[in-house]
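In case you want the letters, here they are:
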Amino acid sequence: MPIQNVPEVFLNQDTPKPEILVYDFKMSNDVFKTKVNLSQHMFSFLQNGRKEIHFADSSVMVDMGQSLLVKKGNWLWSEMLVKNSDLYYCKLLFLSDKQLRNFLDKTCIKKRPSRRSEAYFIIENDLYIHSYLNSLSAINSSATTGAHDMNSVKLEELLLYLLNKYDKKFEDYLFSLISPHTSDFSRVIEQNIFSNLKIEELAFLCHMSLSTFKRHFFNEYGVAPGKYFQDQRLQRAKAILEEGKLKSTDIYLDFGYKNLSNFSAAFKKKFGYSPNQLKKP
């Protein structure tokens, strides 16, 4: 699957990327695990549908009751329609590092290194958020020459409101957006053992080519990633089956197997006996 460069994909080819961009994203079908290179931080205000984002060491899913502020980087996006609806609609607000630094300097927030490294911040929607989105739509539908300046003012308004609502938690997150962070490779791997992400998707989230990822993985763990993940998942499956509450038919899909026979064959190859021969309490 090709990588989508966002927000560049929403701009005309000859249009320079602005410091602030408001974009109404709509679609009529579900899309799963799109590889996205997000080059600016992004507010995602979901109006209709569900959105799931996989990060290097975490994932988040929101519906219309929540919004997100997402850090720039390589992420996997899944966007889904809700039942009895034929339209996915999300209002996106992009902002650059420069725009964020200007805001932090202007508001005289004390500069300090951030301890937070999360890739996202969840915003609980309220009456203000709904009113804010209506005003944002009104500004950008007018297509006036002053829309960019008005968007800049509206962005400051939003950030000030969220600082007031979430206080130091949001302040720390804003500083984390402009602080250099590198994900610990082993932490990323351990967080994704049971995520069912493909090896190439993990490589993308780690900002590595597939070959570089495999080489780095082998140096770190002494085994190929495919074998490592399979062994870890089978160990977990064995522990679940030993509890006696679930059967192989209940869990094989959760561990990345398309059918029961493949799961049973892999289980027997690793442990020397089939799941049905497992001793249970």
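Details of the structure are given in the entry above.
Residues numbered from 1 in each chain as written. Predicted model: local features only at pLDDT ≥ 70, side-chain atom pairs only at ≥ 80, totals over all residues. Heavy atoms only, no water.

Can you lay out the packing of helix H3 (residues 147–166) against helix H4 (residues 168–177) for me, pointing to particular residues and giving the numbers?
Helices that pack against each other are described as a pair by the angle of their axes relative to one another and the distance between those axes. Interaxial distance between H3 and H4 falls to 6 Å at its minimum, and their mutual angle equals 130°. Relative to H4, the element H3 lies oblique. Together, Leu159, Leu162, Leu163 and Tyr166 of H3 and Lys168, Lys169, Phe170, Glu171 and Leu174 of H4 make up the contact between the two elements. Tallied by class, residues from the contact of H3 with H4 come to 6 nonpolar, no polar and 3 charged. (Axes fitted to C-alpha atoms, helices over the stretch in contact; angles between N-to-C directions. Helix = DSSP H or I, 4+ residues; strand = E, 2+ residues; numbered from the N terminus. Parallel < 35°, antiparallel > 145°, perpendicular 65-115°, else oblique. Contact = heavy atoms within 4.5 Å. Nonpolar A, V, L, I, M, F, W, Y, C, P; charged D, E, K, R; others polar.)

Explain the sheet that holds strand E7 (residues 66–70) to me, and be specific about the residues and the numbers.
With respect to topology, 5 strands assemble into an open sheet ordered E2-E9-E4-E7-E10, the strand pairing being antiparallel. The open sheet has two free edges, formed respectively by strand E2 (20–27) and strand E10 (120–124), since each of these has just one partner strand. Within this sheet the neighbouring strands show an average axis-to-axis angle of 20°, counted without direction. Note that E7 and E10 share 5 bridges and pair antiparallel. Bridge pairing in E10 places Leu68 opposite Ile122. The strands touched by H3 within the sheet are E2, strand E4 (41–48), strand E9 (88–95) and E10, with E10 carrying the most contacts at an inclination of about 85°. (Pairing = 2+ DSSP bridges.)

How would you explain the pairing of strand E5 (residues 50–54) if you had to name every residue and give the values?
Side-chain positions along a regular strand alternate between the two faces of the sheet. Pairing of E5 with strand E8 (residues 73–80) involves 5 bridges; the strand directions are antiparallel. Paired with Glu52 across the bridge in E8 is Ser78. Where E5 meets strand E6 (residues 59–62), 4 bridges bridge the pair, whose relative direction is antiparallel. Across the sheet, residue Glu52 finds its bridge partner in E6, namely Met61. The turn joining E5 and E6, which pair antiparallel and follow one another in sequence, is formed by 4 residues.

Can you tell me about the nonpolar core, naming the residues and giving the values?
Ranked by size, the top nonpolar core spans 42 residues in total, and within it Leu38 and Trp75 carry the most contacts. With near-sequence residues (within four places) excluded, Trp75 lies in contact with Thr34, Lys35, Val36, Leu38, Ile53, His54, Phe55, Ala56, Val70, Ala119, Phe204 and Leu205. Counting 28 residues, the second largest nonpolar core, distinct from the first, contains Tyr132, Leu158, Tyr166 and Phe170. (Core = buried A, V, L, I, M, F, W, Y, C linked by side-chain atoms within 4.5 Å. Buried < 20%, exposed > 50% of the residue type's maximum accessible area, 1.4 Å probe, protein only.)

With reference to specific residues and values, describe the layout of surface pockets.
Computed from the structure, the second largest pocket encloses a volume of approximately 240 Å³. Contributing to the lining of the second largest pocket are Asn196, Leu197, Lys198, Ile199, Gly226, Phe229, Gln230, Arg233, Phe255, Gly256 and Tyr257. Looking at the lining of the second largest pocket, the element that brings in the most residues is helix H8 (residues 225–243), giving 4 residues. Along the lines of polarity and charge, the residues of the lining of the second largest pocket split into 5 nonpolar, 4 polar and 2 charged. (1 Å grid on protein atoms, 1.4 Å probe; cavity = no way out; pocket = protein on both sides within 12 Å on 5 of 7 lines; lining within 4 Å. Points joined across faces, edges and corners; volume = space filled by probe spheres on them.)

How would you sum up helix H1 (residues 97–106)? Please name residues and give values.
Asp97, Gln99, Leu100, Phe103 and Leu104 are the residues of H1 that are buried. For H1, the angular spread of the buried residues around the axis is 165°, confining them to a single face. Exposed residues pointing more than 90 degrees away from the buried face of H1 are listed as Lys98 and Lys106. Close packing links the buried residues of H1 with E2, E4, E9, H3 and H4. (Arc of directions from axis to C-beta.)

Tell me about helix H10 (residues 260–271), residues and numbers included.
In a regular helix each residue adds 1.5 Å, so 12 residues correspond to 16 Å; H10 covers 16 Å between its end C-alpha atoms and thus fits that length. All of the buried residues along H10 are Phe263, Ala266, Phe267 and Phe271. One face of H10 carries all of its buried residues, which in axial projection span an arc of 110°. In H10, the exposed positions that point more than 90 degrees away from the buried face belong to Ser261 and Lys269. If you follow the buried residues of H10, they end up packed against H8 and helix H9 (248–251). Phi turns positive one or two residues past the end of H10, at Gly272, with a value near 90°. (Expected span 1.5 Å × (residues − 1).)

Explain the pattern of salt bridges to me, using residue names and the numbers behind them.
All told, the structure shown has 13 salt bridges when counted by the stated rule. The residue Lys106 makes a salt bridge to Glu156 at a minimum N-O spacing of 3.1 Å. Remark: Glu156 occurs in helix H3 and Lys106 occurs in helix H1; sequence separation between them is 50 residues. With a relative accessible area of 56%, Lys106 lands in the exposed category. (Salt bridge = Lys/Arg side-chain N within 4 Å of Asp/Glu carboxyl O.)

Could you give me a rundown of the side chain of Lys238, with the residues and numbers involved?
Structurally, Lys238 can be placed in helix H8. Looking at Lys238, the relative accessible area reads 16%, which means it is buried. Ignoring sequence-local partners within four residues, the contact set of Lys238 consists of Phe267, Phe271, Tyr273 and Leu278.

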